[in-house]
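Per-entry structural report
Each chain is listed here by its residues.
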Amino acid sequence: MTIQHPEFEQEQRYIEQAYDLLDRGLADAEQNIVNFEALHRSTAHAMNRALAILRNSRGSGQLVFGRMDREDEQLYIGRRRVYDTDRNLVVVGWHAPAAAAFYDATPQEPGDLVLKRVFIEQDRRLQRVVDEVVRQTAQSIATSAGDASISDALLQELDRSRDGAMREVVATIQSEQYRVIRHPGDGVVVVQGGPGTGKTVVGLHRAAWLAFNRPDIRKLGMLVVAPSTTLLTYFSGVLPSLDVSDIDQMDLDSLYGGEARATTVEPVETARIKGSAAMSVLLRRALDQRIGWDEDELVLPLGADRIRIPGDEIYRLVEDIKGRVLPHNEARDVLRQALSALAAKNHADAQRLQNRPVRANEATIRRLSAFNNALDRMWPSFTPEEFVRSLYSTQSWLISAAEGLLAADERARLFRSSLDGEAWTRADLFCLDEVSFLLNGDSMTYGHIVIDEAQDLSPMEARALARRCPSGSFTVLGDLAQATGVWVRDTWQELTEHLATADASVHTLTIGYRVPAPALALAAKQLPLVSPDLEPPLSIRVGRGEPQIWQSSTEELLVEVMTLAERYRDESLTSGVLLPDALYDEALRVAGDQHIKVGDGRDGDFALEVTLVPVSLCKGLEFDVVILVEPAAIAAQSVQGARQLYVAMTRCTQQLDVVHCEVLPAGFSQHDELGDELLEREGAAESMIDLLGRLNAEDLALVESLVRRLAGPPEEVRALPSGQRDEEWIQ
Ligand SMILES: Nc1ncnc2c1ncn2[C@@H]1O[C@H](COP(=O)(O)OP(=O)(O)OP(=O)(O)O)[C@@H](O)[C@H]1O
């Protein structure tokens, strides 16, 4: 039997009215723009842009998802603000300060709300009305029974099958997340959390929240950075769906605006040296070493005459300009002017002494090739690429620039013969970026930067971001345990000190929204091996069941993987086949041979039910099902193999399957006790107990609720939880 909420019809009408008003408002605005006769091309262009934004802003999510009542006030909360024709507010936008109480209120701590009501709607038709918070008042329609539950709207949202792209979640933002989203926009805010705790979600919604609430920051421009185009493609639709289209989104490699592109990789030891902060000192010093004058005299031929400038005058001039804080190329221009003025003066003085006419002014002197050659000797001009290439291939220069900074074997890693070609690595790009800054000064800057998967940033990458955000206002998203690159750190401070001078505030997210508990339990066996101090998140997903482990022969491995993927496809589940990088091309070929259409994850092609992804690119992604191929090869793929496994095993929302032919790595098998042993040895078991002790009432209630769900209450009890504190009405 289903019971309809007594106010169901009334709420449906309210929601319909909101949609009508939005439709009419947008249609009117569109008509106004279309009718507007722009006199200038730039105005017409701006109007067309406004029209495009307007048409986009219909969005696809629920327009109205909540209502909150105080004793004397009732507000509806939605994806965007809606007014009626008299400019009365019908729906408050999720980002408005007035909506804060909606997100903050929990059954345990309702604040001043007497009612927090959540709507579940599909295609403009209300499906359910759930009263999540009901304070007992004379008018209340329900009674409280002292029990908390995971929001039904959240469970419904999480149960939706993945369609390959991240979505906005304004309707179900949790209070732990909301606190970070609306944290003031100044300084560095670090969001640490295990896999699937919503860090990317929080970062993107925070960017939108700041865009709406901090016009000063928005005016300066905002940027979201992801480590790969694969991840960027996955989440890049979220901000436009929140009506924010003016935030730049970029992958890390695109940050460097020069001509070089990263086309090759290098040994981790070399990447580590190039990514270290010492490299910035080395580059600055190397540039400095190319500036100076130690010749006795500069002689400039002028027809039959000679212009002579004593060496010490030039030396003083160069040193004076070196002392000014100017980018290299700008300083060179200053020197060029000053040197030609000095030469012109010396020439004029000498001519006058000999009663001869002055034959050259500053401009004439600046055209002399001897002048320009001398200028190049004392203050050369480079592109960043020319500078770095030349430095890498000049032993003597490298030796003097690296003195006291790098050991001889480290320095040797930087050397490459000038014949080695033009191939650049990612670490090179950030050396080039540093040099570009030294040569030309700042380029594009922003008022706030959100960095996803920040745990992998090198100090040089962090410096490049710091240069682009002079105010030091950052949102840094990441998980220290998921660092799989060259940089593995114990604390965020080791990274944030390169981003800004002020201390960072670190916020930890503890609830996992992605990975089902059984898969997380298996993945967590890697955690003591990688970050013993970090706890896995508390998963609120049950998933389909225990991880499945399939053993195969070497010949059949990829065929069996594809067959498995097909099986899930037939169940309408998306699957991500996560492979050791070395197996990737072969897997594409096997899929082709078996006529299975697969998306190529390297290109961010997530539209099909089956997507192949090399594990090195799987960070931040998620699929209904993850088919993890040959974990032993993944573990052996890099020095951070265990971390890479942890990341790969935490990409699924429903089911984790493992297909292997080699022996499974340590701590990996379901029955492997290594994880538990280590857990005890590292004292992590105590820290888990400690964590539970530290949970606030709200989280503890969530955990209790989770335990009940995992214990599997009878179906009918779940459908109609009678006696719960939150009264629930089902249509
Ligand atoms: N409040 C929420 N409501 C609905 N879905 C949510 C919420 N928070 C997170 N999710 C979902 O949980 C999943 C994981 O979120 P997200 O990718 O942001 O986590 P993450 O912490 O960045 O993960 P990773 O560490 O793997 O990068 C996504 O599908 C996201 O939409």
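Predicted, not measured: the structure shown is a model, and the values here were computed from it.

Inspection of the region around the ligand gives 25 residues, with Thr 172, Lys 199, Arg 514, Glu 622 and Arg 651 positioned closest. Thr 200 has a polar side-chain atom sitting 2.8 Å from an oxygen atom of the ligand. Taking 630 Å² as the accessible area of the ligand by itself, protein coverage stands at 99%. When residues of the shell around the ligand are traced back to their parent elements, those giving at least two are α4 (152-159) and α6 (199-213). Here the shell around the ligand is composed, by residue class, of 8 nonpolar, 10 polar and 7 charged.

Closest axis-to-axis distance for the helix α12 (residues 311-323)/helix α13 (residues 328-353) pair is 10 Å, and the angle between their directions is 155 degrees. It follows that α12 is roughly antiparallel to α13 by the angle criterion. Crossing geometry of α12 relative to α13 is assigned as right-handed. Between α12 and α13, the residues in contact are Glu 313, Ile 314, Leu 317, Val 318 and Ile 321 and Ala 331, Val 334, Leu 335, Ala 338, Leu 339, Leu 342 and Asn 346, respectively. Its residues placed into classes, the contact of α12 with α13 shows 10 nonpolar, 1 polar and 1 charged.

Before going further, it helps to examine the packing of helix α24 (residues 557-570) against helix α25 (residues 584-593). The interhelical angle for the contact between α24 and α25, taken along N-to-C directions, is 60 degrees, at an axis separation of 10 Å. The angle between α24 and α25 falls in the class oblique. Crossing of α24 against α25: the hand is right-handed. Seen from α24, the contacting residues are Leu 558, Val 559 and Met 562; seen from α25, they are Glu 586, Ala 587, Val 590 and Ala 591. Looking at side-chain class alone, the contact of α24 with α25 contains 6 nonpolar, no polar and 1 charged residues.

This model, assessed by the stated rule, comprises 44 salt bridges. With a closest N to O distance of 2.7 Å, Asp 104 and Arg 182 form a salt bridge. Note that Asp 104 is positioned in helix α3 (residues 100-104) and Arg 182 in the loop between α5 (175-181) and β7 (188-193), a separation of 78 residues in sequence. On the basis of relative accessible area, Arg 182 is assigned to the partly exposed category, the value being 32%. Taking the shortest distance from any N to any O, the salt bridge between Arg 218 and Asp 246 comes out at 2.9 Å. With Arg 218 in helix α7 (residues 215-220) and Asp 246 in the loop between α9 (238-241) and β9 (248-251), this pair connects stretches of sequence that are 28 residues apart. Residue Arg 218 is classed as partly exposed on the basis of its relative accessible area of 26%.

Rules used throughout
- Residues numbered from 1 in each chain as written.
- Predicted model: local features only at pLDDT ≥ 70, side-chain atom pairs only at ≥ 80, totals over all residues.
- Heavy atoms only, no water.
- Near = heavy atom within 4 Å.
- Polar contact = N/O pair within 3.5 Å; in protein donor to acceptor, adjacent residues only side chain to side chain.
- Areas by Shrake-Rupley, 256 points an atom, 1.4 Å probe, with all protein chains shown as cover.
- Helix = DSSP H or I, 4+ residues; strand = E, 2+ residues; numbered from the N terminus.
- Nonpolar A, V, L, I, M, F, W, Y, C, P; charged D, E, K, R; others polar.
- Axes fitted to C-alpha atoms, helices over the stretch in contact; angles between N-to-C directions.
- Parallel < 35°, antiparallel > 145°, perpendicular 65-115°, else oblique.
- Left-handed = near helix turned anticlockwise from the far one by under 90°.
- Contact = heavy atoms within 4.5 Å.
- Salt bridge = Lys/Arg side-chain N within 4 Å of Asp/Glu carboxyl O.
- Buried < 20%, exposed > 50% of the residue type's maximum accessible area, 1.4 Å probe, protein only.

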